Amino acid sequence: MSAPTPLVEKRVVGSLTIHAIQSGGQKLDGGAMFGVVPKVLWERRIPADERNRIQLGMRCLLIEHASGLVLVDTGAGNKEDQKFKAMYGIENDGADGRTLLEDGLREIGARPEDVAIVINTHLHFDHAGGNTYRDESGKVRPSFPNARYFVKRGEYDYATHTNERTSASYFERNFMPVVATGRFEFVSREREIVKGIRVVPTPGHTPFHQSVLIDSGGERAFFLGDLCPTHAHLPLPWIMGYDVEPLVTLETKRRILRQAEEEGWLLVFEHDANVAWGRVEHDGKGYRLVGG
Ligand SMILES: [Zn+2]
């Protein structure tokens, strides 16, 4: 067993260089990942293992920007025990007690201290777990000590007022140590965080989920987060069973994928084990990937 590779993939969007960092592997129940879609259909796209799980990634995006390094999502972090990691098939151990995210940063020539901005699409453990890390003494600290972190206020409220359906995804250790240092900033709607990098509400997976639009030199890239976790989820009704508002996801997807096709956005797939990015085309029946 090993995490999906490559660790880092790079490309240019306008005047910005972006790096997709594969922060680790994850395995989740295939049925849960595809909602109402029957197994006979989804297993043609992503095969299931003997426990009915499918291989996924936990891709983060690092953007080199004049204001400093911008990191979108942080993977699962290093704080969970072996039992938890085995349950979710998480393989993300890094070289130095941290995770593959830090290994990826090192490969790019960056240190955690160099990250200026962290954007969370939402606060589920596989997206915000790397916001903090456990040091050798057992203390949990912000992973990016000089960064300002951004998430939607509604998502923070949702993460801190859980119920029986939502509580398994939210752990306060992934965000409260950052809140305690005053480094979390809460946004309420669409907003440009730095020039050319904008958070866009994409509700459905959670009510206050957000995605990130990169706009530079006439080119656009869009980090989908869990709106469309893999390229296999491009058909509109292929929506995760994990989504708390699947019919809202459907309308968000309809709107975003239409705009993505019209404007030729490069879509970034966070959970895809193999495909980091691509553009989409509607062939009259549905959306399909047409490569980078
Ligand atoms: Zn996710």
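Heads up: the structure comes first, above all this text.
Computed from a prediction, not measured in an experiment: that's the story for all the values here. (Residues numbered from 1 in each chain as written. Predicted model: local features only at pLDDT ≥ 70, side-chain atom pairs only at ≥ 80, totals over all residues. Heavy atoms only, no water.)

## Points about the coordination of the zinc ion
Okay, step 1: The protein atoms that coordinate the zinc ion are D126 (OD), H127 (NE2), D226 (OD), D226 (OD) and H271 (NE2), at distances spanning 1.8 to 2.8 Å.
Okay, step 2: Binding-site remark: the zinc ion is held by donors from one chain whose sequence spacing is D-H-x98-D-x44-H. Residue D126 shares its accessibility class with H127, and that shared class is buried. (Donors = N, O, S within 2.8 Å, 3.2 Å for Na, K, Ca; no water. Buried < 20%, exposed > 50% of the residue type's maximum accessible area, 1.4 Å probe, protein only.)

## Description of the environment of P235
Okay, step 1: Along the chain, P235 falls in the loop between β13 (219-223) and α8 (246-263).
Okay, step 2: Excluding residues that lie within four positions of it along the chain, P235 makes contacts with R45 and K253. (Helix = DSSP H or I, 4+ residues; strand = E, 2+ residues; numbered from the N terminus. Contact = heavy atoms within 4.5 Å.)

## Some remarks on the sheet that holds strand β15 (residues 277-278)
Okay, step 1: Taking strand neighbours across the sheet as the criterion, the six strands line up as β10-β11-β12-β13-β14-β15 in an open arrangement whose pairing is mixed. This sheet does not close on itself; its edge strands, each paired only once, are β10 (191-194) and β15.
Okay, step 2: Pairing geometry for β13 and strand β14 (residues 266-268), over three bridges, is parallel. Its bridge partner lying in β14, F223 is registered against V268. (Pairing = 2+ DSSP bridges.)

## Considerations on the pairing of strand β4 (residues 68-72)
Okay, step 1: Taken across its five residues, β4 has four buried, putting it largely inside the fold.
Okay, step 2: Two successive antiparallel strands, strand β3 (residues 53-65) and β4, enclose a turn made up of two residues.
Okay, step 3: Bridge count for β4 against strand β5 (residues 115-119) is four bridges, and the pairing is parallel. Residue L69 lies in a different strand from β5, and its bridge partner there is V115.

## With respect to the nonpolar core
Okay, step 1: Ranked by internal contacts, the top residues of the largest apolar core, which has 24 residues, are I18, L61, I63, I119, I214 and W277.
Okay, step 2: Considering each element in turn, this core owes the most residues, three residues, to strand β2 (residues 16-29).
Okay, step 3: In this structure, I119 is in contact with V70, L71, V72, D73, F150, I193, I197, V199, Q210 and V212, ignoring residues within four places of it in sequence.
Okay, step 4: Counting 23 residues, the second largest nonpolar core, distinct from the first, contains A128, A159, F175 and F184. (Core = buried A, V, L, I, M, F, W, Y, C linked by side-chain atoms within 4.5 Å.)

## Let's talk about unusual backbone geometry
Okay, step 1: Cis geometry is adopted by the peptide bond preceding P6, which originates at T5 and carries an omega value of 0 degrees.
Okay, step 2: The phi dihedral of N52 is positive, around 70 degrees, even though this residue is not glycine.
Okay, step 3: As for its placement among the helices and strands, N52 is situated in the loop between α2 (39-42) and β3.

## A few points about the pattern of salt bridges
Okay, step 1: Per the stated rule, a full pass over the model turns up 16 salt bridges.
Okay, step 2: Across the pair R288 and E281 runs a salt bridge whose closest N-O atoms are separated by 2.9 Å.
Okay, step 3: A salt bridge links D283 to R288, with the shortest nitrogen-to-oxygen separation between them at 3.7 Å.
Okay, step 4: It is possible to trace a salt-bridge network through shared partners that takes in D96, D103 and R106. (Salt bridge = Lys/Arg side-chain N within 4 Å of Asp/Glu carboxyl O.)

## Quick word on helix α6 (residues 153-160)
Okay, step 1: Among the residues making up α6, those that are buried are G154, E155, Y156 and A159.
Okay, step 2: Buried residues along α6 sit against β8 (148-152), α7 (176-180) and β9 (184-187).

## Quick word on the sheet that holds β9
Okay, step 1: Sheet architecture is open: seven strands sit in the order β1-β2-β3-β4-β5-β8-β9, paired in mixed fashion. Each edge of the open sheet carries a strand with a single partner, namely β1 (8-13) and β9. Taken pair by pair, the neighbouring strands of this sheet meet at an average axis angle of 25 degrees, ignoring direction.
Okay, step 2: Direction of pairing for β2 relative to β3: antiparallel, over a ladder of 11 bridges. (Axes fitted to C-alpha atoms, helices over the stretch in contact; angles between N-to-C directions.)

## As for the environment of F144
Okay, step 1: By the element assignment, F144 lies in the loop between β7 (140-142) and β8.
Okay, step 2: What makes F144 buried here is its relative accessible area of 0%.
Okay, step 3: Distance from F144 to L71, taken between C-alpha atoms, is 9.8 Å for residues 73 residues apart in sequence.
Okay, step 4: Residue contacts for F144: discarding those within four places in its chain leaves L71, T74, L101, L105, P112, V115, V118, G130, N131 and Y149.

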